[in-house]
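# Residue-level structure breakdown
The chain contents come next:
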Amino acid sequence: MKKDEWKSRLGFMLAAMGSAVGLGNIWRFSYVAGENGGATFLLIYIFFILAFGIPLLLAEFSVGKAGKKDAVGSFMRLAPGTKWHWTGVMGVIGGTLILSFYSVVSGWSLYYLFHYLIGDFWTEPTGGFGQGFEDWTSSTWGPLIWQFLFMVAVVFVVIRGIKRGIERANLIAMPALAILMVVLAVYSLTLDGASEGLAFLFTPDWSQLSNPQVYLAAMGQAFFSLSLGISGMLTYASYLKSKDRLPAATVGIGVMDTVFAIIAGIVIFPAVFSFGVDVQSGPKLVFITLPSIFASIPAGGLVGIAFFVLLVMAAYSSALSMLEIPVAYFHRTLGLSRRAASILCGSVIFAIGITVSLGHGVLSHVTIVGDKGILDSIDYVTGNFILPLGAMLIAIFVGWYWTRDQAIKNSEINNHSLQSIWYFIVRYIAPVVVLVVALTSIFSK
(Lines give C-alpha, C1' and ligand atoms only; values in the text may rest on other atoms or scores of the structure.)
Protein backbone atom coordinates (compact mmCIF):
# COMPACT_ATOMS: atom_id res chain seq x y z
CA MET A 1 0.00 0.00 0.00
CA LYS A 2 1.40 3.39 -1.01
CA LYS A 3 2.20 5.59 1.97
CA ASP A 4 0.20 8.79 2.25
CA GLU A 5 2.18 12.00 1.65
CA TRP A 6 1.77 15.75 1.88
CA LYS A 7 0.74 17.26 -1.42
CA SER A 8 3.12 20.21 -0.89
CA ARG A 9 5.71 21.48 1.57
CA LEU A 10 3.39 24.43 2.25
CA GLY A 11 0.71 21.96 3.28
CA PHE A 12 3.17 20.29 5.65
CA MET A 13 4.25 23.64 7.12
CA LEU A 14 0.68 24.81 7.67
CA ALA A 15 -0.28 21.49 9.26
CA ALA A 16 2.81 21.52 11.52
CA MET A 17 2.08 25.14 12.36
CA GLY A 18 -1.50 24.12 13.08
CA SER A 19 -0.19 21.46 15.43
CA ALA A 20 1.95 24.06 17.20
CA VAL A 21 -0.55 26.92 17.13
CA GLY A 22 -3.36 25.65 19.30
CA LEU A 23 -4.78 26.04 22.75
CA GLY A 24 -1.15 26.09 23.86
CA ASN A 25 -0.72 29.53 22.28
CA ILE A 26 -4.01 31.04 23.39
CA TRP A 27 -5.52 29.25 26.41
CA ARG A 28 -2.35 27.86 28.01
CA PHE A 29 0.08 30.65 27.04
CA SER A 30 -2.17 33.38 28.41
CA TYR A 31 -2.60 31.90 31.86
CA VAL A 32 0.96 30.56 32.21
CA ALA A 33 2.38 33.96 31.22
CA GLY A 34 -0.04 35.64 33.61
CA GLU A 35 1.05 33.41 36.47
CA ASN A 36 4.78 33.81 35.75
CA GLY A 37 5.38 37.52 35.37
CA GLY A 38 4.37 38.32 31.79
CA ALA A 39 7.33 39.88 30.01
CA THR A 40 10.00 37.99 31.97
CA PHE A 41 8.28 34.72 31.14
CA LEU A 42 7.93 35.79 27.48
CA LEU A 43 11.63 36.63 27.25
CA ILE A 44 12.69 33.24 28.64
CA TYR A 45 10.07 31.49 26.51
CA ILE A 46 11.44 33.07 23.32
CA PHE A 47 14.97 32.10 24.39
CA PHE A 48 13.92 28.46 24.83
CA ILE A 49 12.15 28.49 21.45
CA LEU A 50 15.14 29.92 19.54
CA ALA A 51 17.98 28.24 21.42
CA PHE A 52 16.46 24.80 21.96
CA GLY A 53 12.95 24.57 20.51
CA ILE A 54 13.87 25.08 16.85
CA PRO A 55 17.02 22.89 16.97
CA LEU A 56 15.08 20.10 18.70
CA LEU A 57 12.18 20.51 16.27
CA LEU A 58 14.63 19.98 13.40
CA ALA A 59 16.01 16.91 15.21
CA GLU A 60 12.51 15.46 15.55
CA PHE A 61 11.68 16.25 11.93
CA SER A 62 14.91 14.59 10.78
CA VAL A 63 14.07 11.34 12.61
CA GLY A 64 10.56 11.30 11.13
CA LYS A 65 11.66 12.02 7.56
CA ALA A 66 14.48 9.48 7.73
CA GLY A 67 12.32 6.83 9.43
CA LYS A 68 9.32 7.22 7.10
CA LYS A 69 7.05 5.52 9.63
CA ASP A 70 4.99 6.28 12.72
CA ALA A 71 6.54 7.34 16.06
CA VAL A 72 7.48 3.78 17.08
CA GLY A 73 8.19 2.40 13.61
CA SER A 74 10.63 5.16 12.71
CA PHE A 75 12.87 4.33 15.68
CA MET A 76 12.59 0.60 14.97
CA ARG A 77 13.67 1.21 11.40
CA LEU A 78 16.53 3.57 12.27
CA ALA A 79 17.76 1.69 15.36
CA PRO A 80 16.80 -1.97 14.89
CA GLY A 81 17.40 -4.31 17.81
CA THR A 82 17.59 -1.48 20.35
CA LYS A 83 15.20 -0.01 22.95
CA TRP A 84 14.95 3.35 21.19
CA HIS A 85 11.43 2.57 19.98
CA TRP A 86 10.25 3.17 23.58
CA THR A 87 10.78 6.87 22.86
CA GLY A 88 8.06 6.54 20.25
CA VAL A 89 5.86 4.53 22.62
CA MET A 90 6.16 7.33 25.16
CA GLY A 91 5.16 9.78 22.43
CA VAL A 92 2.04 7.75 21.62
CA ILE A 93 1.10 7.68 25.31
CA GLY A 94 1.88 11.37 25.78
CA GLY A 95 -0.12 12.44 22.73
CA THR A 96 -3.06 10.34 23.88
CA LEU A 97 -2.99 11.83 27.39
CA ILE A 98 -2.67 15.41 26.15
CA LEU A 99 -5.56 15.03 23.71
CA SER A 100 -7.68 13.48 26.49
CA PHE A 101 -7.67 16.77 28.43
CA TYR A 102 -7.25 18.94 25.34
CA SER A 103 -10.54 17.60 23.97
CA VAL A 104 -12.31 18.53 27.22
CA VAL A 105 -11.13 22.15 27.06
CA SER A 106 -11.89 22.19 23.33
CA GLY A 107 -15.41 21.02 24.13
CA TRP A 108 -15.74 23.98 26.50
CA SER A 109 -14.61 26.28 23.69
CA LEU A 110 -17.14 24.78 21.28
CA TYR A 111 -19.90 25.19 23.87
CA TYR A 112 -19.01 28.85 24.36
CA LEU A 113 -18.90 29.47 20.62
CA PHE A 114 -22.35 27.96 20.20
CA HIS A 115 -23.81 30.13 22.96
CA TYR A 116 -22.20 33.24 21.50
CA LEU A 117 -23.65 32.39 18.09
CA ILE A 118 -27.18 32.09 19.49
CA GLY A 119 -26.71 35.22 21.61
CA ASP A 120 -26.93 33.66 25.08
CA PHE A 121 -23.50 34.98 26.16
CA TRP A 122 -23.80 38.46 24.70
CA THR A 123 -24.81 39.60 28.18
CA GLU A 124 -23.62 38.46 31.60
CA PRO A 125 -25.78 35.53 32.76
CA THR A 126 -27.47 35.51 36.16
CA GLY A 127 -24.78 34.83 38.74
CA GLY A 128 -22.02 35.87 36.34
CA PHE A 129 -19.75 33.95 33.97
CA GLY A 130 -17.70 32.56 36.83
CA GLN A 131 -20.62 30.86 38.52
CA GLY A 132 -22.03 29.77 35.17
CA PHE A 133 -18.71 28.20 34.17
CA GLU A 134 -18.36 26.40 37.49
CA ASP A 135 -21.92 25.09 37.37
CA TRP A 136 -21.64 23.90 33.77
CA THR A 137 -18.20 22.24 33.96
CA SER A 138 -19.19 20.47 37.18
CA SER A 139 -22.29 18.99 35.54
CA THR A 140 -22.05 15.47 34.16
CA TRP A 141 -23.55 15.27 30.69
CA GLY A 142 -23.26 18.73 29.14
CA PRO A 143 -19.45 18.91 28.90
CA LEU A 144 -19.27 15.29 27.72
CA ILE A 145 -21.63 15.99 24.83
CA TRP A 146 -19.51 18.90 23.58
CA GLN A 147 -16.29 16.94 24.08
CA PHE A 148 -17.84 14.12 22.04
CA LEU A 149 -18.85 16.49 19.23
CA PHE A 150 -15.34 17.91 19.10
CA MET A 151 -13.74 14.46 18.92
CA VAL A 152 -16.15 13.35 16.19
CA ALA A 153 -15.07 16.34 14.09
CA VAL A 154 -11.39 15.50 14.66
CA VAL A 155 -11.84 11.81 13.85
CA PHE A 156 -13.77 12.70 10.68
CA VAL A 157 -10.80 14.60 9.20
CA VAL A 158 -8.10 12.15 10.35
CA ILE A 159 -10.04 9.30 8.72
CA ARG A 160 -9.60 11.07 5.37
CA GLY A 161 -5.83 10.88 5.63
CA ILE A 162 -2.98 13.33 5.22
CA LYS A 163 -3.53 14.85 1.79
CA ARG A 164 -7.35 14.85 1.64
CA GLY A 165 -7.95 15.38 5.35
CA ILE A 166 -5.35 17.04 7.57
CA GLU A 167 -3.57 19.05 4.86
CA ARG A 168 -6.79 20.32 3.26
CA ALA A 169 -8.24 21.34 6.64
CA ASN A 170 -5.13 23.33 7.59
CA LEU A 171 -4.89 25.05 4.21
CA ILE A 172 -8.17 26.72 5.11
CA ALA A 173 -7.85 27.00 8.88
CA MET A 174 -4.38 28.49 9.31
CA PRO A 175 -4.69 31.58 7.05
CA ALA A 176 -8.13 32.27 8.53
CA LEU A 177 -6.72 31.87 12.03
CA ALA A 178 -3.89 34.33 11.32
CA ILE A 179 -6.26 36.99 9.95
CA LEU A 180 -8.65 36.59 12.87
CA MET A 181 -5.87 36.89 15.46
CA VAL A 182 -4.50 40.08 13.91
CA VAL A 183 -7.97 41.64 13.75
CA LEU A 184 -8.62 40.84 17.42
CA ALA A 185 -5.18 42.13 18.43
CA VAL A 186 -5.81 45.45 16.68
CA TYR A 187 -9.20 45.71 18.38
CA SER A 188 -7.69 44.94 21.79
CA LEU A 189 -5.14 47.73 21.35
CA THR A 190 -7.97 50.28 21.01
CA LEU A 191 -9.23 49.60 24.54
CA ASP A 192 -8.60 52.11 27.32
CA GLY A 193 -5.69 50.98 29.45
CA ALA A 194 -4.30 48.73 26.74
CA SER A 195 -0.84 50.19 27.37
CA GLU A 196 -0.75 48.55 30.81
CA GLY A 197 -1.35 45.17 29.22
CA LEU A 198 1.41 45.79 26.71
CA ALA A 199 3.75 46.84 29.52
CA PHE A 200 2.97 43.61 31.40
CA LEU A 201 3.71 41.59 28.25
CA PHE A 202 6.80 43.48 27.05
CA THR A 203 8.48 45.13 30.09
CA PRO A 204 10.43 42.47 32.02
CA ASP A 205 10.76 42.34 35.79
CA TRP A 206 14.45 41.44 35.87
CA SER A 207 14.25 40.18 39.46
CA GLN A 208 12.17 37.25 38.16
CA LEU A 209 15.20 35.95 36.26
CA SER A 210 16.35 34.33 39.52
CA ASN A 211 13.05 32.44 39.90
CA PRO A 212 13.54 28.82 38.72
CA GLN A 213 9.77 28.32 38.42
CA VAL A 214 9.65 30.83 35.56
CA TYR A 215 12.27 28.84 33.64
CA LEU A 216 10.40 25.60 34.25
CA ALA A 217 7.11 27.12 33.10
CA ALA A 218 8.74 28.71 30.02
CA MET A 219 10.43 25.49 28.96
CA GLY A 220 7.27 23.45 29.48
CA GLN A 221 5.29 25.99 27.47
CA ALA A 222 7.88 26.04 24.67
CA PHE A 223 7.76 22.25 24.32
CA PHE A 224 3.96 22.16 24.68
CA SER A 225 3.51 24.90 22.10
CA LEU A 226 5.85 23.33 19.52
CA SER A 227 4.39 19.87 20.22
CA LEU A 228 7.90 18.61 20.98
CA GLY A 229 8.59 15.30 22.66
CA ILE A 230 5.40 13.41 21.82
CA SER A 231 6.48 12.52 18.27
CA GLY A 232 3.65 14.42 16.61
CA MET A 233 6.10 16.42 14.52
CA LEU A 234 8.06 13.22 13.86
CA THR A 235 4.88 11.60 12.55
CA TYR A 236 4.06 14.57 10.32
CA ALA A 237 7.62 14.61 8.91
CA SER A 238 7.34 10.93 8.00
CA TYR A 239 4.83 11.92 5.30
CA LEU A 240 7.24 14.32 3.57
CA LYS A 241 8.56 13.69 0.07
CA SER A 242 12.33 13.26 -0.32
CA LYS A 243 12.61 16.59 -2.16
CA ASP A 244 11.00 18.57 0.68
CA ARG A 245 13.74 20.35 2.65
CA LEU A 246 13.62 20.59 6.44
CA PRO A 247 15.68 23.57 7.74
CA ALA A 248 13.73 26.50 6.28
CA ALA A 249 10.41 24.83 7.11
CA THR A 250 11.53 24.23 10.69
CA VAL A 251 12.62 27.82 11.29
CA GLY A 252 9.43 29.12 9.70
CA ILE A 253 7.25 26.92 11.90
CA GLY A 254 9.15 27.85 15.10
CA VAL A 255 9.12 31.57 14.39
CA MET A 256 5.46 31.71 13.35
CA ASP A 257 4.42 29.68 16.38
CA THR A 258 6.13 32.26 18.61
CA VAL A 259 4.54 35.14 16.69
CA PHE A 260 1.11 33.56 17.19
CA ALA A 261 1.76 33.27 20.95
CA ILE A 262 2.80 36.93 21.17
CA ILE A 263 -0.23 38.06 19.16
CA ALA A 264 -2.44 36.00 21.49
CA GLY A 265 -0.88 37.90 24.41
CA ILE A 266 -1.67 41.18 22.65
CA VAL A 267 -5.27 40.02 22.21
CA ILE A 268 -5.72 39.04 25.85
CA PHE A 269 -3.60 41.16 28.21
CA PRO A 270 -4.65 44.67 27.09
CA ALA A 271 -8.26 43.59 27.61
CA VAL A 272 -7.46 42.07 31.01
CA PHE A 273 -5.68 45.22 32.23
CA SER A 274 -8.22 47.53 30.63
CA PHE A 275 -10.91 46.07 32.86
CA GLY A 276 -8.75 45.65 35.96
CA VAL A 277 -8.97 41.87 36.31
CA ASP A 278 -6.37 39.54 37.79
CA VAL A 279 -3.76 38.41 35.27
CA GLN A 280 -3.22 35.31 37.43
CA SER A 281 -6.74 34.04 36.85
CA GLY A 282 -5.27 30.71 35.76
CA PRO A 283 -6.70 28.24 33.23
CA LYS A 284 -10.18 29.77 33.47
CA LEU A 285 -8.98 33.16 32.14
CA VAL A 286 -10.51 32.76 28.69
CA PHE A 287 -13.76 31.22 29.97
CA ILE A 288 -14.61 33.63 32.77
CA THR A 289 -12.56 36.81 32.56
CA LEU A 290 -12.73 37.49 28.84
CA PRO A 291 -16.47 36.77 28.44
CA SER A 292 -17.14 39.24 31.28
CA ILE A 293 -15.11 41.81 29.38
CA PHE A 294 -16.89 41.08 26.09
CA ALA A 295 -20.27 41.54 27.80
CA SER A 296 -19.32 45.05 28.93
CA ILE A 297 -18.06 46.52 25.64
CA PRO A 298 -19.90 47.68 22.51
CA ALA A 299 -20.42 44.85 20.02
CA GLY A 300 -18.85 42.54 22.59
CA GLY A 301 -20.97 39.65 21.39
CA LEU A 302 -19.39 39.84 17.95
CA VAL A 303 -15.94 40.00 19.54
CA GLY A 304 -16.84 36.95 21.60
CA ILE A 305 -17.88 35.06 18.48
CA ALA A 306 -14.60 35.97 16.77
CA PHE A 307 -12.53 34.99 19.80
CA PHE A 308 -14.13 31.59 20.29
CA VAL A 309 -14.04 30.84 16.57
CA LEU A 310 -10.31 31.51 16.92
CA LEU A 311 -10.04 29.26 19.97
CA VAL A 312 -11.95 26.38 18.40
CA MET A 313 -9.98 26.57 15.12
CA ALA A 314 -6.67 26.62 16.99
CA ALA A 315 -7.71 23.68 19.15
CA TYR A 316 -8.92 21.72 16.14
CA SER A 317 -5.71 22.06 14.12
CA SER A 318 -3.63 20.83 17.08
CA ALA A 319 -5.99 17.97 17.89
CA LEU A 320 -5.59 16.61 14.35
CA SER A 321 -1.85 16.12 14.87
CA MET A 322 -2.26 14.59 18.32
CA LEU A 323 -4.79 12.03 17.08
CA GLU A 324 -2.57 11.19 14.10
CA ILE A 325 0.19 9.96 16.48
CA PRO A 326 -1.67 6.88 17.85
CA VAL A 327 -3.65 6.42 14.61
CA ALA A 328 -0.46 6.04 12.54
CA TYR A 329 0.93 3.59 15.10
CA PHE A 330 -2.12 1.33 15.33
CA HIS A 331 -2.76 1.59 11.58
CA ARG A 332 0.66 -0.05 11.08
CA THR A 333 0.93 -2.44 14.02
CA LEU A 334 -2.61 -3.83 14.14
CA GLY A 335 -3.17 -3.75 10.39
CA LEU A 336 -6.32 -1.68 10.90
CA SER A 337 -7.70 0.54 8.17
CA ARG A 338 -7.21 4.25 8.74
CA ARG A 339 -10.94 4.53 9.45
CA ALA A 340 -10.88 1.77 12.08
CA ALA A 341 -7.68 3.08 13.71
CA SER A 342 -9.08 6.61 13.86
CA ILE A 343 -12.36 5.50 15.44
CA LEU A 344 -10.56 3.21 17.92
CA CYS A 345 -8.07 5.86 19.04
CA GLY A 346 -10.69 8.59 19.13
CA SER A 347 -12.91 6.39 21.30
CA VAL A 348 -10.11 5.58 23.76
CA ILE A 349 -9.12 9.24 24.04
CA PHE A 350 -12.74 10.25 24.58
CA ALA A 351 -13.07 7.59 27.30
CA ILE A 352 -10.01 8.92 29.15
CA GLY A 353 -11.38 12.44 28.64
CA ILE A 354 -14.57 11.44 30.43
CA THR A 355 -12.61 11.10 33.68
CA VAL A 356 -10.94 14.46 33.00
CA SER A 357 -14.31 16.13 32.49
CA LEU A 358 -15.84 14.49 35.54
CA GLY A 359 -12.80 15.70 37.49
CA HIS A 360 -14.58 19.05 37.59
CA GLY A 361 -17.74 17.43 38.97
CA VAL A 362 -18.35 14.08 40.62
CA LEU A 363 -14.62 13.27 40.57
CA SER A 364 -13.49 16.69 41.79
CA HIS A 365 -12.22 15.10 45.01
CA VAL A 366 -9.71 12.98 43.06
CA THR A 367 -6.14 14.27 43.07
CA ILE A 368 -3.17 12.67 41.32
CA VAL A 369 -0.16 14.97 41.59
CA GLY A 370 -0.09 16.69 44.97
CA ASP A 371 -3.34 18.57 45.35
CA LYS A 372 -3.93 18.84 41.58
CA GLY A 373 -7.13 17.55 40.03
CA ILE A 374 -7.22 15.18 37.07
CA LEU A 375 -6.91 17.77 34.29
CA ASP A 376 -4.21 19.79 36.03
CA SER A 377 -2.30 16.62 36.90
CA ILE A 378 -2.23 15.37 33.30
CA ASP A 379 -1.29 18.85 32.09
CA TYR A 380 1.50 19.05 34.65
CA VAL A 381 2.92 15.57 34.00
CA THR A 382 2.82 15.87 30.21
CA GLY A 383 4.00 19.48 30.05
CA ASN A 384 6.82 19.21 32.58
CA PHE A 385 7.93 15.58 32.25
CA ILE A 386 6.76 13.61 29.20
CA LEU A 387 7.36 16.38 26.65
CA PRO A 388 10.80 17.41 28.00
CA LEU A 389 11.87 13.77 28.44
CA GLY A 390 10.74 12.90 24.93
CA ALA A 391 12.58 15.91 23.51
CA MET A 392 15.71 14.98 25.49
CA LEU A 393 15.66 11.38 24.23
CA ILE A 394 15.26 12.52 20.62
CA ALA A 395 18.21 14.89 21.12
CA ILE A 396 20.30 12.04 22.56
CA PHE A 397 19.29 9.76 19.70
CA VAL A 398 20.28 12.29 17.04
CA GLY A 399 23.36 13.55 18.89
CA TRP A 400 24.75 10.28 20.27
CA TYR A 401 23.18 7.24 18.56
CA TRP A 402 23.54 8.64 15.07
CA THR A 403 27.04 9.49 13.92
CA ARG A 404 27.76 13.15 13.27
CA ASP A 405 27.62 12.52 9.53
CA GLN A 406 24.23 10.80 9.81
CA ALA A 407 22.81 13.60 11.94
CA ILE A 408 24.07 16.34 9.61
CA LYS A 409 22.89 14.49 6.50
CA ASN A 410 19.39 13.94 7.89
CA SER A 411 19.13 17.53 9.20
CA GLU A 412 19.67 18.73 5.60
CA ILE A 413 21.57 21.82 6.84
CA ASN A 414 23.98 22.95 4.11
CA ASN A 415 25.90 25.72 5.89
CA HIS A 416 28.97 24.30 7.71
CA SER A 417 28.82 26.79 10.57
CA LEU A 418 25.13 26.17 11.15
CA GLN A 419 25.74 22.43 11.00
CA SER A 420 28.27 22.68 13.83
CA ILE A 421 26.11 24.99 15.96
CA TRP A 422 22.99 22.84 15.53
CA TYR A 423 24.83 19.60 16.24
CA PHE A 424 26.56 21.03 19.32
CA ILE A 425 23.22 22.24 20.74
CA VAL A 426 21.45 18.94 20.07
CA ARG A 427 24.34 16.75 21.28
CA TYR A 428 25.56 18.64 24.32
CA ILE A 429 23.48 21.63 25.40
CA ALA A 430 19.82 20.68 24.93
CA PRO A 431 19.86 17.36 26.86
CA VAL A 432 21.62 18.96 29.84
CA VAL A 433 19.33 21.99 29.95
CA VAL A 434 16.19 19.86 29.70
CA LEU A 435 17.47 17.51 32.41
CA VAL A 436 18.40 20.33 34.80
CA VAL A 437 15.06 22.09 34.45
CA ALA A 438 13.15 18.80 34.80
CA LEU A 439 15.09 17.92 37.97
CA THR A 440 14.38 21.40 39.32
CA SER A 441 10.69 20.63 38.80
CA ILE A 442 10.96 17.34 40.70
CA PHE A 443 12.81 18.73 43.70
CA SER A 444 10.83 21.97 43.92
CA LYS A 445 7.65 20.03 44.65
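Predicted, not measured: the structure shown is a model, and the values here were computed from it.

In this section: the overall build of the chain. Broken down by element type, the chain carries 18 helices and zero strands. Its C-alpha radius of gyration of 21 Å places the chain within 12% of the 22 Å reference for a compact globule of 445 residues. For the chain, the spread of C-alpha atoms along the three principal axes comes to 65 × 50 × 40 Å. The contacts in the chain between residues at least 6 apart in sequence include a share of 81% that link residues at least 24 apart. When the accessible surface of the chain is split by element, carbon and sulfur atoms take 68% of a total near 16,900 Å².

What follows is about the packing of aromatic side chains. The tally for this structure, following the rule as stated, stands at 40 aromatic pairs. Between Tyr111 and Trp136, the aromatic rings sit 3.7 Å apart at their centres with planes inclined by 10°, giving stacked as the arrangement. Within this pair, whereas Tyr111 is found in helix α5 (residues 85-117), its partner Trp136 is found in helix α6 (residues 128-137), the two being separated by 25 residues in sequence. Residue Tyr111 shares its accessibility class with Trp136, and that shared class is buried.

Before going further, it helps to spend a moment on the nonpolar core. One recurring pattern in soluble globular proteins is that nonpolar side chains are buried together. Grouped together as the largest cluster of nonpolar side chains are 152 residues, with contacts concentrated most on Phe12, Phe307, Val398 and Trp422. If one sorts the elements of this core by residue count, helix α14 (residues 300-333) sits on top with 19 residues. The contact partners of Phe12, leaving out residues within four places of it in the chain, are Trp6, Phe61, Tyr236, Ala237, Leu240, Ala249 and Ile253.

The next point concerns α14. Between its first and last C-alpha atoms α14 spans 50 Å; for 34 residues at 1.5 Å apiece the expected length is 50 Å, and the two agree. The largest bend along α14 measures about 25° and falls at Glu324, with the proline Pro326 one to four residues further on. Counting buried positions along α14 yields 27 of 34 residues, so the element is predominantly enclosed. In the stretch just after α14, Gly335 is the one whose phi turns positive, near 70°.

So, on to the side chain of Ser357. With respect to the element layout, Ser357 can be found in helix α15 (residues 338-358). The contacts of Ser357, once residues within four sequence positions are left out, are Val104, Thr137, Pro143, Leu144 and Gln147.

Further remarks concern the environment of Ser138. Inspection of the secondary structure assignment puts Ser138 in the loop between α6 and α7 (141-159). Sequence-distant contacts of Ser138, defined by excluding residues within four places in its chain, comprise His360 and Gly361. Reaching out from Ser138, the side chain makes a polar contact with the backbone oxygen of Glu134 at a distance of 2.7 Å. A polar side-chain atom of Ser138 sits 3.0 Å from the main-chain carbonyl oxygen of Asp135.

Now for the environment of Gln213. Here Gln213 lies in helix α10 (residues 212-225). Residue Gln213 is classed as partly exposed on the basis of its relative accessible area of 32%. With 177 residues separating them along the chain, Gln213 and Asn36 place their C-alpha atoms 7.9 Å apart.

We now examine a positive patch on the surface. A cluster of like positive charges, contributed by Lys7, Arg160, Lys163, Arg164 and Arg168, occupies part of the molecular surface. Position of Arg164 among the secondary structure elements: in helix α8 (residues 162-189). The exposure class assigned to Arg164 is partly exposed, which follows from its relative accessible area of 46%.

In the structure shown here, the tally under the stated rule is four salt bridges. The salt bridge partner of Glu412 is Arg245, with a shortest N-O separation of 4.0 Å. Of this pair, Glu412 sits in the loop between α17 (404-411) and α18 (416-443) while Arg245 sits in the loop between α11 (232-237) and α12 (247-274), placing them 167 residues apart in sequence. Judged by its relative accessible area of 12%, Glu412 falls in the buried class. One salt bridge connects Glu324 with Arg338, and the closest N-O pair in it is separated by 2.9 Å. With Glu324 in helix α14 and Arg338 in helix α15, this residue pair connects regions lying 14 residues apart in the sequence. Residue Arg338 is classed as buried on the basis of its relative accessible area of 14%. Taken together, the salt bridges that share partners define one network made up of Lys65, Arg245 and Glu412.

A word on α8. Over its 28 residues, α8 extends 38 Å from the first C-alpha to the last, a length consistent with the 40 Å expected when each residue adds 1.5 Å. If you look at α8, its biggest bend is around 25°, right at Leu171, and the proline Pro175 turns up within four residues after that.

Below, the discussion takes up the packing of helix α3 (residues 39-67) against helix α4 (residues 71-78). Describing two packed helices takes the angle between their axes plus the distance from one axis to the other. Closest axis-to-axis distance for the α3/α4 pair is 8 Å, and the angle between their directions is 75°. One finds that α3 runs roughly perpendicular with respect to α4. Facing Val63, Gly64, Ala66 and Gly67 of α3, the residues of α4 in contact are Ser74, Phe75, Arg77 and Leu78. For the contact of α3 with α4, a count of residues per class yields four nonpolar, three polar and one charged.

Time to look at the environment of Arg404. Relative to the elements of secondary structure, Arg404 occurs in helix α17. A residue is classified by how much of its surface remains accessible, and Arg404, at 36% relative accessible area, is partly exposed. If near-sequence neighbours (up to four positions away) are discounted, Arg404 is found in contact with Gln419, Ser420 and Tyr423.

Its location among the elements puts Thr96 in helix α5. Here the side chain of Thr96 touches Val92 through a polar contact of 2.8 Å, landing on its backbone oxygen. Residues within four places of Thr96 in sequence aside, it is in contact with Pro326, Ile349 and Ile352.

Conventions used here
- Residues numbered from 1 in each chain as written.
- Predicted model: local features only at pLDDT ≥ 70, side-chain atom pairs only at ≥ 80, totals over all residues.
- Heavy atoms only, no water.
- Helix = DSSP H or I, 4+ residues; strand = E, 2+ residues; numbered from the N terminus.
- Rg over C-alpha atoms; globule rule 2.2 N^0.38 Å.
- Contact = heavy atoms within 4.5 Å.
- Areas by Shrake-Rupley, 256 points an atom, 1.4 Å probe, with all protein chains shown as cover.
- Phe/Tyr/Trp six-rings, centres within 6.5 Å; stacked < 30°, edge-to-face > 60°.
- Buried < 20%, exposed > 50% of the residue type's maximum accessible area, 1.4 Å probe, protein only.
- Core = buried A, V, L, I, M, F, W, Y, C linked by side-chain atoms within 4.5 Å.
- Expected span 1.5 Å × (residues − 1).
- Bend = angle between axes of the 7 residues up to and from the residue.
- Polar contact = N/O pair within 3.5 Å; in protein donor to acceptor, adjacent residues only side chain to side chain.
- Patch = residues over 30% accessible without salt bridge, like charges linked within 9 Å, V, L, I, M, F, W, Y side chains within 5 Å.
- Salt bridge = Lys/Arg side-chain N within 4 Å of Asp/Glu carboxyl O.
- Lys, Arg positive; Asp, Glu negative; His and termini not counted.
- Charge placed at Lys NZ, Arg CZ, Asp CG, Glu CD.
- Axes fitted to C-alpha atoms, helices over the stretch in contact; angles between N-to-C directions.
- Parallel < 35°, antiparallel > 145°, perpendicular 65-115°, else oblique.
- Nonpolar A, V, L, I, M, F, W, Y, C, P; charged D, E, K, R; others polar.

Shape descriptors only; they carry no functional weight alone.
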